[in-house]
Amino acid sequence: MAEFALRNETRYGNRPTMKDVAARAGVGLKTVSRVVNGEPGVTPDTERRVQEAIEALGFRRNDSARVLRKGRTASIGLVLEDLADPFYGPLSRAVEEVARAHGALLINGSSAEDPDREQELVLALCARRVDGLIVIPAGHDHRYLEPEIKAGVATVFVDRPAGRIDADAVLSDSYGGAREGVAHLIAHGHRSIGFIGDQPRIHTAAERLRGYRAAMADAGLPVDERWVSLGSTDPARVRAAAEEMLSGPEPVTALFAGNNRVTVTAVRLLAGRDTPIALVGFDDIELADLLGITVIAQDSAALGRTAAERLFRRLDGVHEAPTRVELSTRLLARGSGEVPPPGA
């Protein structure tokens, strides 16, 4: 019966208010407001009674009402591609740390690489009056954000630039990183190198393919279009593309994987082959150092931190033309990218 009574008294969604605190403490509403906001003009005995009432009722200050009076909600939105992707963990954490240092709350969600879902999520965050947005774009037309930006919602794009609007962007050097990775394979004797990447509409996939082609051209090597495959990073699709490149009378002797998900599938496929195949992947993956996987590493935490710092500069009143920041990548040679071609 006692358990039933406790449940019956709990009114979910009905939180105690300052009026409740005032009634319990036997003081006026203004007195409670002064105590809650740390303002002077309250005697120690009265303050004690108010604090006891606050503790007994479980009262929490309504920060949303307070910050709205100041014109800021002390919250920012982060729109990712996929919350489950390991690449976005350090990025999200870095954004959160910068937001916390500025006294702001981070609200995040994922677009699942769907432009319509991205727009829906972004506008929902704007409707909740976030002060700013950090967006990893899924779409190519962000004109829907123009009214929000004009209304004062600071916006920074990360990993990929905005489409059809001028906006701050923080990117990794996808072109330069891919070019370096493929050149590394060429330096170890490979002349037929396969490229497996993400959807061609995605900026990073297109830039990494461009880097692949540039490295091959630098070495005076032709590219057989059968060596290039762009599309979904679904393991079945990637496996099929790799198996096709590795079969036939003139198979490739090395693979360049366009992102971490492609690399994981390639590692699993190559582990079952008798003939060693060289592999370089774009993005580091968990246990790559133990497995000896050569990668082009990008610093996702630095991407998030740089984007968040840029966002708060905007929120602090810095007015300047939108800028694009490009962070360098690093080649981490661990063994798989140094395997020579068969017979070399």
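Reading guide: rules and limits
- Residues numbered from 1 in each chain as written.
- Predicted model: local features only at pLDDT ≥ 70, side-chain atom pairs only at ≥ 80, totals over all residues.
- Heavy atoms only, no water.
- Helix = DSSP H or I, 4+ residues; strand = E, 2+ residues; numbered from the N terminus.
- Rg over C-alpha atoms; globule rule 2.2 N^0.38 Å.
- Areas by Shrake-Rupley, 256 points an atom, 1.4 Å probe, with all protein chains shown as cover.
- Lys, Arg positive; Asp, Glu negative; His and termini not counted.
- Charge placed at Lys NZ, Arg CZ, Asp CG, Glu CD.
- Domains from an automatic or database assignment.
- Contact = heavy atoms within 4.5 Å.
- Buried area = accessible area lost by both parts, 1.4 Å probe.
- Salt bridge = Lys/Arg side-chain N within 4 Å of Asp/Glu carboxyl O.
- Polar contact = N/O pair within 3.5 Å; in protein donor to acceptor, adjacent residues only side chain to side chain.
- Nonpolar A, V, L, I, M, F, W, Y, C, P; charged D, E, K, R; others polar.
- Patch = residues over 30% accessible without salt bridge, like charges linked within 9 Å, V, L, I, M, F, W, Y side chains within 5 Å.
- Core = buried A, V, L, I, M, F, W, Y, C linked by side-chain atoms within 4.5 Å.
- Buried < 20%, exposed > 50% of the residue type's maximum accessible area, 1.4 Å probe, protein only.

K.L.:
Would you mind going over the overall build of the protein chain with me for this structure?
P.N.:
Along the backbone of the protein chain there are 14 helices and twelve strands. Its C-alpha radius of gyration of 27 Å places the protein chain more than 25% over the 20 Å reference for a compact globule of 344 residues. With the C-alpha coordinates aligned to their principal axes, the bounding extent of the protein chain is approximately 90 × 55 × 35 Å. Within the structure as shown, the protein chain displays about 17,900 Å² of accessible surface, and the carbon and sulfur contribution to it stands at 50%. Across the protein chain, the centroid of the 43 positively charged side chains sits 7 Å from that of the 48 negatively charged ones.

K.L.:
Teacher, can you tell me more about the domain arrangement of the protein chain here?
P.N.:
Accessible area lost upon the coming together of the parts serves often as the stated size of an interface. Structurally, the protein chain comprises domain 1 (18–61), domain 2 (73–172 + 300–327) and domain 3 (174–298). Computed over C-alpha atoms only, the centres of domain 2 and domain 3 are separated by 30 Å. Contact with domain 2, which involves 14 residues of that partner, is made by nine residues of domain 3. Of the roughly 1,000 Å² buried between domain 2 and domain 3 on both sides combined, carbon and sulfur atoms contribute 42%. Here domain 2 is connected to domain 3 by two salt bridges. For the pair domain 2 and domain 3, the interface holds eight residue pairs in polar contact (both at pLDDT 80 or more). Counting residues per element, the ones that place at least two in the side of domain 2 that touches domain 3 are β5 (168–172) and α14 (300–315). By residue class, the composition of the side of domain 2 that touches domain 3 is six nonpolar, three polar and five charged.

K.L.:
How do you make sense of a nonpolar patch on the surface when you look at a structure like this?
P.N.:
On the surface, Leu 287, Leu 290 and Leu 291 cluster together into a nonpolar patch covering about 340 Å² of accessible area. Of note, Leu 287 is situated in the loop between β9 (278–282) and α13 (288–291).

K.L.:
Help me out: how do you make sense of the nonpolar core in this one?
P.N.:
In summary, soluble globular proteins display a tendency toward joint burial of nonpolar side chains. By size, the foremost hydrophobic cluster in this structure holds 41 residues, and its most contacted members are Tyr 212 and Leu 255. Elements with a minimum of two residues in this core: α9 (174–187), β6 (193–197), α10 (203–218), α11 (235–245), β8 (254–257), α12 (260–270), β9 and β10 (294–297). Looking at this core element by element, the count peaks at five residues for α12. Residues within four places of Tyr 212 in sequence aside, it is in contact with Ala 178, Val 182, Ile 193, Gly 194, Phe 195, Val 223, Trp 227 and Val 228. Leu 91, Leu 106, Val 158 and Ala 308 belong to the second-largest nonpolar core, a separate cluster that totals 25 residues.

K.L.:
Teacher, can you tell me more about the pattern of salt bridges here?
P.N.:
For side chains bearing opposite charge, pairing can occur when the charged atoms are close. All told, the structure shown has 22 salt bridges when counted by the stated rule. Note that Glu 243 and Arg 239 form a salt bridge whose closest N and O atoms lie 3.8 Å from each other. Of this pair, Glu 243 and Arg 239 both sit in helix α11, four residues apart, roughly one helical turn. Among the ionic pairs, Arg 310 bridges to Glu 320, the shortest N-O distance being 2.6 Å. Of this pair, Arg 310 sits in helix α14 while Glu 320 is found in the loop between α14 and β11 (324–327), placing the two residues ten residues apart along the sequence. Exposure remark for Arg 310: the relative accessible area of 11% places this residue in the buried category. Overall, the relative accessible area of 37% leaves Glu 320 in the partly exposed class.

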